Amino acid sequence: MTASRIPTTAEELRGVGLRVTAARVALLETVRAGDHLGVEAIASGVRDRVGHVSLQAVYEALHALTAAGLVRRIEPAGSPARFEGRIGDNHHHVVCRSCGVVADVDCAVGEAPCLTASNDQGFAIDEAEVVYWGLCPGCSTAKSS
C-alpha cells in the first residue's frame, strides 16, 4: 500500500487545465493562507511573494481559479467579493455587522446541500448558501463597554 501524496499547487493548476505561472501559484497560496481575503489583500500577498503583479492580472487569475473550482468566491451583502481556499464542503459563513470579519461555519444540518428547500421548483439542488449575521466577539465586547 502506498501513501497518498498531496498534489503540489502547480499540479493542481495543471490538473484543471490552467497554465502554471508564478503569479497563479502565489495567488492560490495567498488565498489558502488567508482568511476570506479581498482582492486588494490578495494582490498584496501575491506581490510579497513574486514582486509586481497588476490588479487586473489578479482579477483574471481569481476568475480562472474560481471557475476551475480551486477557490471559492463569496459576496456577503454590502461587502466586496472575498475569496477562500476552503472548497467542496458546502460550508457557510458568519459575518460581523460592525467590522465585517467573516468566519466559516460548518454545514447547517446533515449532508450537502445542508438544507432542504420547501419547494425546489424542479431544480436538482446540490448546494445551499447560508450567511449568518451578528457581532463578532471583539465588536460585542466593544459595544457592551
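Below is a short write-up of the structure. Per chain, the residues get numbers from 1 upward, laid out in the order the sequence is written. Predicted model: local features are reported for residues with pLDDT of at least 70 only, side-chain atom pairs are reported and counted for 80 or more only, and whole-chain, interface and lining totals are derived from all residues. Here the side-chain values reflect all heavy atoms present in the structure, with hydrogen atoms and water set aside.

### Considerations on the nonpolar core
- Membership of the largest hydrophobic core comes to 22 residues, with the highest contact counts inside it found for Leu27, Ile42, Val58, Leu62, Leu65 and Phe83.
- Helix numbers and strand numbers start at the N terminus; a helix is a DSSP run of H or I with at least 4 residues, a strand a run of E with at least 2. Residue assignment for this core shows that the elements contributing at least two residues are helix H2 (22-33), helix H3 (39-50) and helix H4 (55-67).
- Residues in contact with Phe83, not counting those within four places in the same chain, are Val31, His36, Leu37, Val39, Ile42, Leu62, Thr66, Val71, Arg72 and Arg73. Buried Ala, Val, Leu, Ile, Met, Phe, Trp, Tyr and Cys residues form a nonpolar core when they are joined through side-chain atoms within 4.5 Å. For the exposure calls, accessible area comes from a 1.4 Å probe over protein chains only, and a residue counts as buried if that area is under 20% of its type's maximum, exposed if over 50%, partly exposed in between. Note on definitions: a residue-residue contact is assigned when non-hydrogen atoms from the two residues lie within 4.5 Å.

### Some remarks on H3
- The span you would expect from a helix comes to 1.5 Å times its residue count less one. The end-to-end C-alpha distance of H3, which contains twelve residues, comes to 16 Å, matching closely the 16 Å that a straight helix rising 1.5 Å per residue would cover.
- The inward-facing, buried residues of H3 abut H2, strand S1 (37-38), H4 and strand S3 (82-84).
- Just downstream of H3 lies Gly51, where phi reads positive at about 90 degrees.

### Section: H2
- In this model H2 runs 16 Å from its N-terminal to its C-terminal C-alpha over twelve residues, within 8% of the 16 Å that 1.5 Å per residue would give.
- Taken as a whole, H2 has its buried residues at Arg24, Val25, Ala26, Leu27, Leu28, Thr30 and Val31.

### Considerations on the packing of H2 against H4
- Relative to each other, H2 and H4 sit at 70 degrees, their axes nearing to 10 Å. By the angle class used here, H2 and H4 are roughly perpendicular. Seen from H2, the contacting residues are Arg24, Leu27, Leu28 and Val31; seen from H4, they are Val58, Ala61, Leu62, Ala64 and Leu65. Axis lines are fitted to C-alpha atoms, over the contacting stretch for helices. Their N-to-C directions set the angle, which ranges from 0 to 180 degrees. Roughly parallel means an angle under 35 degrees; roughly antiparallel, over 145; roughly perpendicular, 65 to 115; everything else is oblique.

### A look at the sheet that holds strand S4 (residues 92-96)
- In short, DSSP must find at least two bridges between two strands for them to pair. The strand order across the open sheet built from three strands is S5-S4-S6, with neighbouring strands paired in mixed fashion. Since the sheet does not close on itself, it has two edges, and those belong to strand S5 (102-105) and strand S6 (131-134), each with one partner. The average undirected angle you get between the axes of adjacent strands in this sheet is 25 degrees.
- In this sheet, S5 lies alongside S4 in antiparallel orientation, the contact comprising four bridges. If you follow His93 over to S5, its bridge partner there is Asp104.

None of the figures reported here should be taken as evidence of function without further support.
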